[in-house]
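Summary of structural features
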Amino acid sequence: MKLLCQTAREKKEFIKSEACFEIMISEVRQAADQWLLEPLPVLRFTDFCRFEGDGNRVVYEEQYFQRRGRLNAYTLMYWLTDDAKYKEALEDVLSAVLEEYTWALPAHLPARNKKTEKSTFVSTAELAAHIMEDHCHLDLFAAETGFTLCEVLELVGDMLTGSLRDRICYEVKTRIIDSFLSLFTDNNWEHEKSNWAAVCASGVGHCFLYLGTETEISSAAPRLLAAMKSYLSGLPLDGACLEGSGYWTYGFGYFLYFAESWKEYTGGADDLLASEHAARIAKFPQRTILGIDRSLTFSDAPGERYGYELCLAHYIYRHFDGIEVPAWDNRLPFGADSCYRFAPFIRNFLWCDPKLLQNDLKESAKMTKPVSDLESTVFFDKAGWYINRAFPISFAVKGGSNDEPHNHNDIGHFVLVKGNEYMLHDLGAGEYVAAYFARETRYDFLVNSSRGHSVPVIDGCYQREGKSAQAEMTVNGRHNVTISMEKAYGLFKLQSLKRSFYITDSEVILKDSFVMKEEADSIVERFITCLKPVIKNGCVILKTEDCDEVLELILQCDEENWQIMIGEEAYKGHRAEERKAYFIDFSPKVQQKVCKEVNGSYQYDFTLHMK
């Protein structure tokens, strides 16, 4: 398959002359030239072993991905300039990647502590098979590495030293193609309904399309296409990505890369994108923008500011109806992806259409209106997400269940944006360590527990995880939504908990109604923010600090019967950065004053005005 190579040849001179590419190339050149002055990152064995030791994966992965960053930058600069300094640096990093013990990350390998400390293998062949288990393990990043090496060959292979080209072909065929066909005949990810299926199948699939024989491609294709189908089945028919916005870019992006290549390989006979389901998924980002350019941060989302890959936005615009092209200012610059994935990186150049940027290339260009005017109210009925973008106040609330990919216990949780600033937050993804994904410790993390979400705490109990923790969401017109969320808690005494939102031009009103079989020991209405709250005249005031216009949100309830407590807790963000969250807790001053006995049940009502 010569699709990438053909596209690259056709666009090379165009890329070197267009204004938008000049900015993008400058970002890459600056990074490449800086890296030329620094030693190549070393993958230390002790860092490799840390995940099994203390659960830390950041130290090893940082060096691993720094190598990939150099590979990206040197490839592009050598392809565009033919400069020998980039060739030398590229061949060095390629050689280093080829020498890696495994392309998989330690966190994704079979548990190492289950292996014997002393070798008990009875033959050399048995020992070799044991080593090959790690060497040829197919995880996300092994698949991506093989995919990357194939496309580096397509771009600059003719200009590389012959022995290095041969080595790349050998390692990809051994670690990816042969591994998929024979060493591991049934990878778990082939049946996943998450990004794993799309990313791994796309990476492995491209290795077959670039370096496999027709027989090998025919043998692998049914499994790869089944994995892609499995990925799609994990996305609700309404097009929502339950894993969060970052995983939409990751999973659906790699699905698109493979779909385009597979369509080319089959001469247009097999189009994986030819469905209403795929079209709805393609619209997910533009349907979840809050304010002007704030990204919805449910689940393990990466950050609040909406950032997009040029290649995806422009490809989707060309292939689906009703797609809006975001502003240049919101594209992800080189280095924004700390994993330095080559597939979107190179396609940002090859798939970008400068005409779609509409002269919006100045770095000072800012968006001055919401990204999408198509829908001010969005309801993902299968996922249970309701979004109201009644600018300048917009918010989103989550129903769904507490049994989702990258699950957070967050039924009834909501976020609120005023103007273009988050006021009430979702904390997004935490640091990925071993305990973060362990069933017994996952909900000890603030970002995953309902303790770190804007939901009630009842009798000191937080929400539970699992299939039985589900919500029912009812949308009444465009500006009223109600969530039945008692199943999230699993408390015997809790008969009903309905959370309703009413949206007007000037405020969002929240009403919670609890019906209990017995009087509650305690009820705490918790709201989460990353802004330091101030209590003034019985209200909570939140102010933004780092923006041109100071924005203010006032939270007001029945101060006669409800008291306010402010708490705070430090936690680690996705890149292990130190962060702080604030709890705004409303609780009854006297339980009996907010409790009504009705037909043998006890009813508590809470109303909060947010304006």
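The structure presented is a predicted model; accordingly, all values stated were derived computationally and were not measured.

Topic: the sheet that holds strand E9 (residues 456-458)
Here we have four strands laid out as an open sheet, ordered E9-E15-E20-E19, and antiparallel in their pairing. Edge positions in the open sheet fall to E9 and strand E19 (562-572), since each of these has one partner strand only. On average, each strand axis in the sheet is tilted by 25° relative to the strand beside it, whichever way the strands run.

Topic: a nonpolar patch on the surface
A cluster of nonpolar side chains, Tyr101, Leu127 and Ile131, forms an exposed patch at the surface whose accessible area comes to about 240 Å². With respect to the secondary-structure elements, tyrosine 101 resides in the loop between helix H6 (84-99) and helix H7 (124-135). Among the residues examined, tyrosine 101 registers a relative accessible area of 35% and is labelled partly exposed.

Some words on the pattern of salt bridges
Counting across every chain of the model gives 32 salt bridges. Ionic contacts of the salt-bridge type, sharing partners, join the residues Glu99, Arg167, Glu171 and Arg175 into one network.

Quick word on the state of the cysteines
According to the stated counting rule, one finds zero disulfides in the structure shown. Of the cysteine sulfurs around cysteine 150, a residue in no disulfide, the closest is that of cysteine 207, at 4.1 Å. Considering cysteine sulfurs only, cysteine 207 is the nearest to cysteine 200, which forms no disulfide, with 11 Å between them. Taking the relative accessible area as the measure of exposure, cysteine 200 reaches 0% and is therefore buried.

A closer look at the confidence of the model for the protein chain
Reading predicted coordinates in detail is not appropriate for stretches of low pLDDT. Of all residues in the protein chain, 94% attain a pLDDT of 70 or more, and the chain-wide mean is 92. Below pLDDT 50 for its whole length, residues 362-367 participates in nine contacts with residues either more than four positions away or in separate chains.

Regarding helix H11 (residues 214-233)
Note: α-helices contain 3.6 residues per turn, so residues at a spacing of three or four share the same orientation. Compared with an ideal rise of 1.5 Å per residue, which puts 20 residues at 28 Å, H11 spans 28 Å between its outermost C-alpha atoms and is within 8% of the ideal. Helix geometry: H11 is bent most strongly at alanine 221, by close to 40°, with proline proline 222 lying one to four residues after it. Those residues of H11 that sit buried are Glu216, Ile217, Ala220, Ala221, Leu224, Ala227, Met228, Ser230, Tyr231 and Leu232.

Some thoughts on the pairing of strand E18 (residues 552-556)
Residues of E18 alternate between two faces, with Leu553 and Leu555 buried on one and Glu552, Ile554 and Gln556 left unburied on the opposite face. Taken together, the two bridges between E18 and strand E22 (residues 601-610) define a ladder with antiparallel strand orientation. Looking across to E22, one finds that leucine 555 is bridged to methionine 610.

Calculation notes
Residues numbered from 1 in each chain as written. Predicted model: local features only at pLDDT ≥ 70, side-chain atom pairs only at ≥ 80, totals over all residues. Heavy atoms only, no water. Pairing = 2+ DSSP bridges. Helix = DSSP H or I, 4+ residues; strand = E, 2+ residues; numbered from the N terminus. Axes fitted to C-alpha atoms, helices over the stretch in contact; angles between N-to-C directions. Patch = residues over 30% accessible without salt bridge, like charges linked within 9 Å, V, L, I, M, F, W, Y side chains within 5 Å. Areas by Shrake-Rupley, 256 points an atom, 1.4 Å probe, with all protein chains shown as cover. Salt bridge = Lys/Arg side-chain N within 4 Å of Asp/Glu carboxyl O. Buried < 20%, exposed > 50% of the residue type's maximum accessible area, 1.4 Å probe, protein only. Disulfide = S-S within 2.5 Å. pLDDT = per-residue confidence, 0-100. Contact = heavy atoms within 4.5 Å. Expected span 1.5 Å × (residues − 1). Bend = angle between axes of the 7 residues up to and from the residue.

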